[in-house]
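What follows is each chain in one-letter form.
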Amino acid sequence: MPFDHLGLSPELLRAVEDEGYTDPTPIQEQAIPIVLKGADLMARAQTGTGKTAAFALPILERLKGVANKSFSPARHPIRVLVVTPTRELAIQVHKSFKDYGKYVGLRSTIIYGGVPMGPQEKDLLGGVEIVVATPGRLLDHAGSRTLNLGQVQVLVLDEADRMLDMGFIDDIRRIVAMLPAKRQNLLFSATLYREVRSLASTFLNDPEMVDIAPTITAAESVEQIAYLVDPDRI
Ligand code: AMP
């Protein structure tokens, strides 16, 4: 199915074309219509499948109507919160929102630790519709009251399995407690082990499932050898 059959507006299709994408990837083909209709989504998809566009494009589509040029921060409440396990992923996801949303006019910012709080505070206080953040620094801002999550409409938990592996579960609970009860929730994870499903059952509301099986195939020129090791010697 070509991109222009997925229900995306010309501003988004033009940005997709600028990226050089010709056809949607399987996760995009399946997830975009679900996100566009406002349903919750639980998706098993690894990085490299095109999962970022699978949530960023339909989110931008749903929100583009609220874009405005007002200087008043109150006209730019946070409407989308994307939580990622690492700063590197946050940077990539934020860049994708910028690239795909370049003709839409929504404001976005990125929040992660290890850098001064000041510039991030300035962005938050100025008003931004889209925030991509790692959990710890997001909570720091919440503690210093530079952050109001009371108008968030869409929550994305990206690489949820890694967030659990990295011990962010309590942080995620605290973040979710600051969000309005009525919102759309999207969870992306490379694996669906028990803890991920349990996280999904806590935060997602009757989610639709998309499962993109990993296709890990090495190039033919790569010789693969397996050595069996006695468990006692590991
Ligand atoms: P992601 O899984 O979101 O990290 O995306 C992996 C890479 O695929 C990124 O470099 C994207 O720019 C690229 N990509 C995403 N969607 C498409 C598409 N429909 N066609 C070609 N490349 C894509």
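Remember, it's a predicted structure, so these values are computed and weren't measured experimentally.

### Notes on the site of the ligand
Lining the immediate environment of the ligand, one finds Phe-3, Tyr-21, Asp-23, Pro-24, Thr-25, Gln-28, Thr-47, Gly-48, Thr-49, Gly-50, Lys-51 and Thr-52. Measuring from a nitrogen atom of the ligand, one finds a backbone N or O atom of Asp-23 at 2.9 Å. In this structure, an oxygen atom belonging to the ligand sits 3.3 Å away from a main-chain N or O atom of Lys-51. When the free accessible area of the ligand is taken as 500 Å², the share hidden by the protein chains comes to 66%. Within the shell around the ligand, the residues separate by chemical class into three nonpolar, seven polar and two charged.

### Observations concerning the pairing of strand S1 (residues 41-44)
One ladder, built from four bridges, connects S1 with strand S6 (residues 184-189); its direction is parallel. Within the sheet, the bridge partner assigned to Ala-43 lies in S6 and is Phe-188.

### A look at the packing of aromatic side chains
How two aromatic rings sit relative to each other is set out by the distance from centre to centre and by the angle between their planes. Summed over all chains, the structure comprises three aromatic pairs. With a centroid separation of 6.2 Å and 45 degrees between ring planes, the pair formed by Phe-55 and Phe-97 is classed as tilted. Note that Phe-55 is positioned in helix H3 (residues 51-63) and Phe-97 in helix H4 (residues 87-100), a separation of 42 residues in sequence. No difference in accessibility class separates Phe-55 from Phe-97, as the two residues are buried. The interplanar angle of 50 degrees and the centroid separation of 5.1 Å between the aromatic rings of Phe-55 and Phe-188 together place this pair among those described as tilted. With Phe-55 in helix H3 and Phe-188 in strand S6, the pair connects residues that are 133 residues apart, well separated along the chain. You'll find Phe-55 and Phe-188 in the same group, each marked buried. Ring-pair connections join several aromatic residues into one group, and the members of that group are Phe-55, Phe-97 and Phe-188. Sitting over the face of the ring of Tyr-103, Arg-14 holds its NZ or CZ atom 3.8 Å from the ring centroid.

### Here's the deal with a nonpolar patch on the surface
Residues Ile-225, Tyr-227 and Val-229 make up a contiguous nonpolar surface patch of about 370 Å² in total accessible area. Take Tyr-227: it is sitting in the segment after strand S7 (208-211). Since its relative accessible area comes to 68%, Tyr-227 is described here as exposed.

Here is what the cut-offs are and how they apply
Residues numbered from 1 in each chain as written. Predicted model: local features only at pLDDT ≥ 70, side-chain atom pairs only at ≥ 80, totals over all residues. Heavy atoms only, no water. Near = heavy atom within 4 Å. Polar contact = N/O pair within 3.5 Å; in protein donor to acceptor, adjacent residues only side chain to side chain. Areas by Shrake-Rupley, 256 points an atom, 1.4 Å probe, with all protein chains shown as cover. Nonpolar A, V, L, I, M, F, W, Y, C, P; charged D, E, K, R; others polar. Pairing = 2+ DSSP bridges. Helix = DSSP H or I, 4+ residues; strand = E, 2+ residues; numbered from the N terminus. Phe/Tyr/Trp six-rings, centres within 6.5 Å; stacked < 30°, edge-to-face > 60°. Buried < 20%, exposed > 50% of the residue type's maximum accessible area, 1.4 Å probe, protein only. Lys NZ or Arg CZ within 6 Å of the ring centre and 35° of its normal. Patch = residues over 30% accessible without salt bridge, like charges linked within 9 Å, V, L, I, M, F, W, Y side chains within 5 Å. Salt bridge = Lys/Arg side-chain N within 4 Å of Asp/Glu carboxyl O.

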